[in-house]
Amino acid sequence: MIRLNVPLVPDKNVLNNLFEKNICTVNDFLQKKTSNLQSVCNLQCKEITKLKDSMTVECSSPLINGYTLYLSKTLSTFIQTGILKLDKLLDGGLFVGNIYELCGPSACGKTQLCISILLNIIITTKKDIVYIDTKNKFSVKRIKQMLKNKNMTNNEINDILKKIHVYSVIDIYNLITCLHGLKQKLDPIIIIDSLPALYLSFIGIYKNDGLCYINHISSVLKYLCNKNATILITNLAVKNCDFINNFKPAIGKYWFHIPNTRLMITSIINQQQMCINISKSAYIPLDYKCILSINDHGVS
């Protein structure tokens with residue numbers, strides 16, 4: 001909400017009159033009838049209308065047509081995960097500028113899937129990847145094991161490890177600081193594993209401050225996506241009979257609509273396979289699913 005100030009309202013006396021009538025923001029000003037504002041501002045109808053028009057132009061998002069937006073996009077619109085069935089399910093791979101959520105119950109393979117996608121992207125694109133670890137469980141040993149099973153040399157393994165930038169965060173404040181620090185990166189690929197580990201500590205506290213922090217995190221993530229970031233977040237699924245497979249995402253209703261695409265994960269056959277179901281997406285039909293295998297090479 002943009003607060004009224006002198007550049008938006010040319011005269012300081014008019015600004016003070018508006019504040020006295022509890023008209024403090026641009027939204028308040030635009031919603032008032034022009035006839036009512038005339039008496040408050042001591043301005044003519046034509047001047048009030050001109051002032052409203054200038055505020056609308058100044059404070060609105062810039063207009064852009066589809067062709068200009070298309071030209072501004074990078075050539076690489078999709079980033080393939082390297083898992084054929086998953087890329088097919090996602091209609092080509094991870095769409096640049098989107099937030100993807102991997103949601104599932106504990107120990108269903110979310111971290112394994114993140115690590116597999118991370119390594120596949122580095123191997124095929126040579127891009128650096130930011131891995132934000134909130135559980136302090138990032139395992140270099142597991143990564144080396146997976147790469148050795150792919151018949152890679154020690155030099156190749158070391159080169160891949162140099163492309164992984166791990167940030168270990170212990171609370172939600174560190175996460176916010178970390179995300180702000182990534183604003184200067186060019187087209188970053190970011191994996192956050194996992195968000196509930198930081199948020200759930202606020203549950204049950206009077207005047208839940210966690211919600212405002214989630215709001216802040218969501219805003220920064222959307223900002224990064226506008227800068228062509230690709231973001232992958234793991235979330236815990238909890239029991240609820242109203243959702244697919246009797247599970248719903250944790251973190252609450254506010255977060256429910258933040259990810260562009262949500263993949264619900266369930267483990268099957270003694271956790272040697274996982275089923276991935278599209279439960280939310282703007283461009284993929286819902287309830288499409290695939291089954292992936294978990295082995296010594298990772299997820300395939």
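What you are looking at is a predicted structure, and each value in this text was computed from that prediction instead of being measured.

Visitor: Hey, could you run me through the packing of aromatic side chains in this one?
Guide: Each aromatic ring pair is characterised by the separation of its centres together with the angle its planes make. Within this structure, the stated rule accounts for 4 aromatic pairs. Aromatic pair F95 and Y283: ring centres 6.0 Å apart, planes at 50°, arrangement tilted. Taken together, the positions of F95 in strand β2 (residues 94–95) and Y283 in the loop between β10 (273–281) and β11 (289–295) put the pair 188 residues apart, joining distant regions of the chain. A relative accessible area of 26% places F95 in the partly exposed class. For Y283, a relative accessible area of 30% corresponds to the partly exposed category. Above the face of the F19 ring, R3 is positioned so that its terminal group lies 4.8 Å from the ring centre.

Visitor: Explain unusual backbone geometry here, please?
Guide: Apart from glycine, the bulk of residues carry a negative phi angle, and the bulk of peptide bonds sit in the trans form. That bond from D193 to S194 is cis: its omega, 0°, falls within 30 degrees of zero. If you trace the backbone, S194 turns up in the loop between β6 (189–193) and α11 (196–199). For N151, which is not glycine, the phi dihedral falls at a positive 65°. Mapped onto the elements, N151 comes out in the loop between α8 (140–149) and α9 (154–162). By relative accessible area, N151 is classed as exposed at 71%.

Visitor: What am I meant to see in the side chain of R262 here?
Guide: Turning to its location among the elements, R262 is positioned in strand β9 (residues 261–268). Looking at R262, its side chain comes within polar contact range of the side chain of E101, at 2.3 Å.

Procedures and definitions
- Residues numbered from 1 in each chain as written.
- Predicted model: local features only at pLDDT ≥ 70, side-chain atom pairs only at ≥ 80, totals over all residues.
- Heavy atoms only, no water.
- Phe/Tyr/Trp six-rings, centres within 6.5 Å; stacked < 30°, edge-to-face > 60°.
- Helix = DSSP H or I, 4+ residues; strand = E, 2+ residues; numbered from the N terminus.
- Buried < 20%, exposed > 50% of the residue type's maximum accessible area, 1.4 Å probe, protein only.
- Lys NZ or Arg CZ within 6 Å of the ring centre and 35° of its normal.
- Polar contact = N/O pair within 3.5 Å; in protein donor to acceptor, adjacent residues only side chain to side chain.

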